[in-house]
Amino acid sequence: MELKSNHASPVLAETAPINKSRLGIPSSLLPYSQQGASFPSGKYVSIPRKKPGKLDDVRSNGWLDAMKSSSPPRKKLIMDFTVEVDDAEIAYCSWLIKYPSALKSFEHITNFAKNKKIAIFLDYDGTLSPIVDDPDRALMSNAMRRAVRNVAEYFPTAIISGRSRDKVFELIGLTELYYAGSHGMDIMGPASTAVSSDHPDSVKSTVQQGKEVNLFQPAKEFLPMIDEVFRTLVENTREIKGAKVENHKFCASVHYRNVDEKNWPVIAQCVHDILKDYPRLRLTHGRKVLEIRPVINWNKGKAVEFLLESLGLSSRDDVLPIYIGDDKTDEDAFKVLKEGNQGYGILVSSVPKETNAFYSLRDPSEVMQFLKSLVRWKTNEEAN
Ligand SMILES: O=P(O)(O)OC[C@H]1O[C@H](O[C@H]2O[C@H](CO)[C@@H](O)[C@H](O)[C@H]2O)[C@H](O)[C@@H](O)[C@@H]1O
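Here's what I pulled together on the structure shown here.

Thresholds applied
- Residues numbered from 1 in each chain as written.
- Predicted model: local features only at pLDDT ≥ 70, side-chain atom pairs only at ≥ 80, totals over all residues.
- Heavy atoms only, no water.
- Helix = DSSP H or I, 4+ residues; strand = E, 2+ residues; numbered from the N terminus.
- Buried < 20%, exposed > 50% of the residue type's maximum accessible area, 1.4 Å probe, protein only.
- Contact = heavy atoms within 4.5 Å.
- Areas by Shrake-Rupley, 256 points an atom, 1.4 Å probe, with all protein chains shown as cover.
- Near = heavy atom within 4 Å.
- Polar contact = N/O pair within 3.5 Å; in protein donor to acceptor, adjacent residues only side chain to side chain.
- Nonpolar A, V, L, I, M, F, W, Y, C, P; charged D, E, K, R; others polar.
- Pairing = 2+ DSSP bridges.

### Brief notes about the overall build of the protein
Part 1 of the reasoning: Scanning the protein from N- to C-terminus turns up 13 helices and 13 strands.
Part 2 of the reasoning: Evaluated residue by residue, the protein yields a buried proportion of 53% over its 384 residues.
Part 3 of the reasoning: Counting only contacts in the protein whose residues sit at least 6 apart along the sequence, the fraction spanning at least 24 positions is 68%.
Part 4 of the reasoning: Counting only carbon and sulfur atoms, one obtains 51% of the accessible surface of the protein, whose full area is about 17600 Å².

### Some details on the site of the ligand
Part 1 of the reasoning: Near the ligand lie 22 residues; those nearest to it are V132, H248, R257, R287 and E291.
Part 2 of the reasoning: The contact in question runs from an oxygen atom of the ligand to an N or O atom on the side chain of H248, over 2.5 Å.
Part 3 of the reasoning: Expressed as a share of its isolated accessible area of 570 Å², the protein-covered part of the ligand is 99%.
Part 4 of the reasoning: At the level of elements, β8 (252–255) and β10 (289–294) are the ones that each hand at least two residues to the shell around the ligand.
Part 5 of the reasoning: For the shell around the ligand, the class distribution of residues is seven nonpolar, five polar and 10 charged.

### Remarks on unusual backbone geometry
Part 1 of the reasoning: Positive phi, normally seen in glycine, also occurs at S182, with a value near 45°.
Part 2 of the reasoning: With respect to the element layout, S182 can be found in the loop between β3 (178–181) and β4 (186–190).

### Some words on the pairing of strand β6 (residues 212–216)
Part 1 of the reasoning: Counting buried residues along β6, four of its five residues qualify, which places the element largely inside the surrounding structure.
Part 2 of the reasoning: Where β4 and β6 come together, four bridges link them in antiparallel fashion. Considered in β6, the bridge of P190 is made with V213.
Part 3 of the reasoning: Across five bridges, the pairing between strand β5 (residues 202–206) and β6 is antiparallel. When the sheet's bridge partners are listed, S205 is paired in β6 with V213.

In structure tokens:
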């Protein structure tokens, strides 16, 4: 992967140029941290309150089907039907044959890791914290925080999240990690590296703790556009009960987990209409969330490659990257590891899913066990 300053920007060349007149507002006036809030309309700009377009659009293009299948049903719901639980368990067990438990395969993993340098990549929601109804309450337990801190003592460890980098740092609060927010479009990596300093999308920075870091933001030019889209979405979904819009700086999320299913087409149509107005943005699906992001050739997989290179760990036979995540957006990272025959992707899921991961873990508590086992193994290794 080319990452030096003479390399092309990840912004795809074939996309239309930004219509600057649409952006209008100086971005300094528009803080991006209005997460989940309704924006007081008309303060800086008056947002046209659009009626959603034809709901047929989202029905015919498969959006609604994707929305329905975007997160497994809660255990609580299926527990009422004993037969379904059994069926689900049987299906899960046969899926485990294809994607074995990383805990049960731990010896195999560590045998392969002998004499290798392990690098750990962790997603946040659904991996380090359980999925909950309110994204603002997706808190990580102290036990999990300890497990992550311990793992980072022995292995370089990075968080790669769809949330904004600031938000995910606020939730985790460990300064010893590297952080990539906005699905890898906002990376805070090590400063002392070959790739980082001379890349056009990179800047050296000193963070609060006095540490020198390198910030890599390949979608910088989209900042005002995402801000504008966020405000419009807040406005246009204001009357849909349960809808929540988050601004993740380089991408925006529209949550429908708490929206009555009969209103999902309305949510989908709002997002669909926005994308019609912004051809340089695209949609990805997360767990009961529609995510709007720039059409650039950058994702969590690219972020893993970038961080490995930044850490001086790429193209080396003695490096074993391990990426743990639960979401569709983590598949880009699993794919990079799989295609490069380079490390292990571990999918966190309690239901069968098609994936590019190699192993699986059932839920965040198993993630924690896995991280603890890695530390135990490493300390034993060092002692022998
Ligand atoms: O890449 P991640 O760190 O996994 O972030 C992905 C999205 O996570 C959050 O939403 C998800 O978790 C919420 C809290 O458990 C849940 O309520 C929501 O339904 C899930 O989609 C976050 O709020 C999103 O913005 C992230 O993109």
